[in-house]
Amino acid sequence: MQIQTLIQELKQLSTSETPVLDAQVLSSYILQCDKSMLYAHPERLLNATQKELFEEVKKSLSNQVPLPYIIGEWEFYGNSFKVTPDTLIPRPETEELVEHALAWLTDHPDATQVIDVGTGSGCIAISLALLNPHLKIHAVDVSEAALQVAQENAHRHEVTDRMHFRQQDLLQGDDHLYDLIVANLPYIPTETLKTLEVAEHEPWLALDGGETGLDLIERLLQETRSKMRSEFCIILEFEYRHGEMAQNLAQRYYSDAQITILKDLSANDRFVVITSR
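Quick caveat, the model's predicted, so the values are computed rather than measured.

Enquirer: What is the right way to read the packing of helix H1 (residues 3–13) against helix H2 (residues 19–31) from this model?
Expert: A pair of packed helices is characterised by two quantities: the angle between their axes and the separation of those axes. At a minimum axis distance of 8 Å, the contact between H1 and H2 shows a crossing angle of 130°. On the basis of the axis angle, H1 is oblique to H2. As for how H1 packs across H2, the hand of that crossing is right-handed. Taken together, the residues of H2 that come into contact with H1 (itself represented by Ile3, Leu6, Ile7, Leu10 and Lys11) are Pro19, Val20, Ala23, Leu26, Ser27, Ile30 and Leu31. Here the contact of H1 with H2 is composed, by residue class, of 10 nonpolar, one polar and one charged.

Below, the structure written as C-alpha cells:
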C-alpha cells in the first residue's frame, strides 16, 4: 500500500465532520512522521509494521473509538497531552477556562496556591504550570487511573517539581488554603448522558453530573467555603444550558462575593467565576 492510498482510505473511514484532518492525523500516527512529510513521497510503500498498525486503526474506527484514544494523545492549549479511556478528551472550550484563570492570576501576582479539582489528564493544571513558573499547583482526582495519566503528562512537560498530585473526592480531607480553584467537573445530567454517544467511549465518571448536572459543582462549592484565602477566585465550567442554575448556586454559597457568568467562543454560557470583593 502506498501513502497516498493510506490517506484516501482513512478519509473514507472517518465518520467525523473533518475526514481530511482525521486522515492526516492518523496517517502521521501510523507512519510516525509530521503532516508535511505525508505528501513529500506519496508513492512510498508502507512497511509490515505500518500495515499492521493500519489494520488496528481500521478496527478502532469501525468500533467508533474517538480519534484521540486511537493515537493516545491530544492537543490542548498548544501542547500535546496523553489521553486514555480513563480520561476525558480535552475540549477547546476548556482552553478558555485556562485563559480566564491566567487573566485573574495576572491581576493578582501574589497568588501562588492553585488547585485543579477533577484534573483528569492534567491538561488544565499543567497548562497553568507551564505558563506560571511561580505557582504551586495541586491536581486532584477521584480516579487513580486518571491521576496516573496526569502525572505522566506532568513528567512529559517537565513540571513535576511544581505540582502535587492527590487522589481525593473533590476537597474532602484537604487542609490547604487556595488563591485559585479551577474545575471542569462532570456536568451532564445522568438521564441525558444515557442518550449520548460520548458515554459509549469516554469515562462515565468524568461525564456524569448527577440528576441536575450540577450535583458535583454544588458539592464543590460547599466544600470551598473553608478552603479559600481572603482574596480568591473560583472558576468552574458547566453545561451551557445551566447558566442561571449555576449562578443561583454560586450566590447561595457566596452571597458576599462577585459572581459572573462568562460565555464561550460559541456565545454559550459556560463558566461561573466567583471572586472575592
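Enquirer: It is not clear to me how helix H11 (residues 243–253) should be interpreted in this structure. Could you clarify?
Expert: Owing to its 3.6 residues per turn, the α-helix aligns residues three or four sequence positions apart on the same side. Buried within H11 are the following residues: Gly243, Ala246, Leu249, Ala250 and Tyr253. Buried residues of H11 fall within an arc of 130° about the axis and therefore sit on the same side. Residues Glu244 and Arg252 are exposed on H11 and point more than 90 degrees away from its buried face. Buried residues along H11 sit against helix H10 (215–224), strand E8 (258–263) and strand E9 (269–275).

Enquirer: Help me out: how do you make sense of the environment of Ser27 in this one?
Expert: Note that Ser27 resides in helix H2. Taking the C-alpha atoms as reference points, Ser27 and Asp208, separated by 181 residues in sequence, lie 33 Å from one another. Those residues in contact with Ser27 that lie beyond four places of it in its chain are Leu6, Ile7, Leu10 and Leu38. A polar contact of 2.7 Å, which involves the side chain of Ser27, links it to the backbone oxygen of Ala23.

Enquirer: I'm lost on unusual backbone geometry in this one. Help?
Expert: With the exception of glycine, the majority of residues adopt a negative phi angle, and the majority of peptide bonds are in the trans configuration. With phi around 55°, Gln32 is a residue other than glycine that occupies positive phi space. Assignment of secondary structure puts Gln32 in the loop between H2 and helix H3 (35–38). When its relative accessible area of 64% is taken as the criterion, Gln32 is described as exposed. With phi around 60°, Glu158 is a residue other than glycine that occupies positive phi space. Mapped onto the elements, Glu158 comes out in the loop between helix H8 (144–156) and strand E5 (163–167).

Parameters and conventions
- Residues numbered from 1 in each chain as written.
- Predicted model: local features only at pLDDT ≥ 70, side-chain atom pairs only at ≥ 80, totals over all residues.
- Heavy atoms only, no water.
- Axes fitted to C-alpha atoms, helices over the stretch in contact; angles between N-to-C directions.
- Helix = DSSP H or I, 4+ residues; strand = E, 2+ residues; numbered from the N terminus.
- Parallel < 35°, antiparallel > 145°, perpendicular 65-115°, else oblique.
- Left-handed = near helix turned anticlockwise from the far one by under 90°.
- Contact = heavy atoms within 4.5 Å.
- Nonpolar A, V, L, I, M, F, W, Y, C, P; charged D, E, K, R; others polar.
- Buried < 20%, exposed > 50% of the residue type's maximum accessible area, 1.4 Å probe, protein only.
- Arc of directions from axis to C-beta.
- Polar contact = N/O pair within 3.5 Å; in protein donor to acceptor, adjacent residues only side chain to side chain.

Without other data, these values stay purely geometric and don't point to any function.
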